[in-house]
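# Geometric and topological summary
Listed below are the residues making up each chain.
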Amino acid sequence: MPLTFTLDPAVTPELRDGLLDLWTDVSNAGGAVGFVPPVTRDVVRPELVKQFATMAEGRARLLVGHDESGRVAATAFLTFNTHRLMTHWLWLYTVMVHPRHQGKGYGRDLLAAAADAARGIDGIEAIRLSCRGGLGLERFYASCGYKEVGRVPGAIRVAPGDDRDDITLLLPLT
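Quick look at the structure, then. In this text the structure is predicted, and so the values were computed from the model without any measurement. (Residues numbered from 1 in each chain as written. Predicted model: local features only at pLDDT ≥ 70, side-chain atom pairs only at ≥ 80, totals over all residues. Heavy atoms only, no water.)

### What about the packing of aromatic side chains?
For the record, the criterion: Two rings from Phe, Tyr or Trp (for Trp, the six-membered ring) form a pair when their centres are within 6.5 Å of each other. A pair whose planes differ by under 30 degrees is stacked, one over 60 is edge-to-face, and the rest are tilted. The classification of residues rests on relative accessible area computed with a 1.4 Å probe and restricted to protein chains. Under 20% of the type maximum is buried, over 50% is exposed, and intermediate values are partly exposed. Working rule: Lys NZ or Arg CZ, within 6 Å of ring centre, within 35 degrees of ring normal, means a charge sits over the ring.
Applying the stated criterion to the full structure yields five aromatic pairs. Look at W89 and W91: their rings are 5.2 Å apart centre to centre, the planes differ by 75 degrees, and that puts the pair in the edge-to-face class. For W89, a relative accessible area of 8% translates into the label buried. An aromatic cluster is present here, built from W89, W91 and Y93 joined pairwise through their rings. Stacked on the ring of W89, the Lys or Arg R128 has its end atom at 4.2 Å from the ring centre.

See the structure below:
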């Protein structure tokens, strides 16, 4: 059954807890979303609060996918550029699909919903995102239409002696 996507949902305690659980579970499953396992909800919570503050300031929008039982199953943050010469594209951050739903095509659905949401924002012509090398994520994003436009070797230190490339990808919307 497909996910139901909502752009700019009301931030309720249930949504907050669902996002916190999602981010923690994805991180602990090895997802490249800013943490290295093991993490707890208490470790993730300050980052989620920062995202909520960015949303409250009007600098980001939240896209959430709910599964058939109404649980948070996927998410991405569409974050606007503040530089006046770069307002024609936005960043896609913290792209996540819950481990229990991976392999069902929901990642593609999430990226398509994000592209549709971005197309609905006046003046947005492209989406950029970055991903951690060494996991094959760039191949997945390429299969969804993103093109690699930059790579910084060893920019992400996952652990001592384990440096990964920071890969930037772009999806033109026009």
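### Examining the sheet that holds strand β2 (residues 60-66)
Hydrogen bonding along the main chain pairs the strands of a sheet, whether they run parallel or antiparallel. Filter applied, for reference: We call two strands paired when DSSP finds no fewer than two bridges between them. Helix and strand definitions here come from DSSP, where helices need a minimum of 4 consecutive H or I residues and strands a minimum of 2 consecutive E residues; each element is numbered from the N-terminal end. Convention adopted: a line fitted to C-alpha atoms gives each axis, helices being fitted over their contacting stretch, and angles between N-to-C directions are expressed from 0 to 180 degrees. By definition in these notes, contact holds between two residues if any of their heavy atoms fall within 4.5 Å.
The sheet built from seven strands is open, its strands ordered β1-β2-β3-β4-β5-β7-β6 with mixed pairing. Each of the sheet's edge strands pairs with one partner strand only, and the pair in question is β1 (4-7) and β6 (147-159). When strand polarity is set aside, the average angle formed by the axes of neighbouring strands in this sheet is 25 degrees. Across seven bridges, the pairing between strand β5 (residues 126-132) and strand β7 (residues 162-172) is antiparallel. Its bridge partner being in β7, R128 is matched across the sheet by L170. Sheet strands touched by helix α1 (residues 13-28): β2, β3 (72-80) and β4 (89-97). Its angle to β3, the strand with the most contacts, is close to 95 degrees. Of the strands in this sheet, β1, β2, β3, β4, β5 and β7 touch helix α3 (residues 106-119), which is tilted by about 155 degrees from β4.

### A few points about the nonpolar core
The following threshold applies: In this description, a nonpolar core means a group of buried Ala, Val, Leu, Ile, Met, Phe, Trp, Tyr and Cys residues linked to one another through side-chain atoms lying within 4.5 Å.
Within the largest apolar cluster, 28 residues are counted, with the highest numbers of intra-cluster contacts made by L92, I127 and Y146. Ranked by residues supplied to this core, first place goes to α3 with eight residues. By size, the runner-up hydrophobic cluster in this structure holds 19 residues, among which are L19, F35, V39 and L48.

### Points about the environment of S130
By the secondary structure assignment, S130 is in strand β5. Considering only alpha carbons, one finds S130 and D42, 88 residues apart in sequence, at a separation of 25 Å. Non-local contacts of S130, meaning those with residues more than four positions away in its chain, are made with W91, D166, I167 and T168.

### A short note on the pattern of salt bridges
Definition in use: Within this document, salt bridges are pairs made up of a side-chain nitrogen of Lys or Arg and a carboxyl oxygen of Asp or Glu, the two lying within 4 Å of each other.
The final tally for this structure, using the stated rule, is 14 salt bridges. The partner of D21 in a salt bridge is R41, with the nearest N and O atoms 2.3 Å apart. Of the two residues, D21 is situated in helix α1 and R41 in helix α2 (residues 41-56); the sequence distance between them amounts to 20 residues. A relative accessible area of 28% places R41 in the partly exposed class. Linking D165 and R151 is a salt bridge whose minimum nitrogen-to-oxygen distance equals 2.9 Å. Taken together, the positions of D165 in strand β7 and R151 in strand β6 put the pair 14 residues apart, joining distant regions of the chain.

As far as function goes, none of this settles anything; it's purely spatial.
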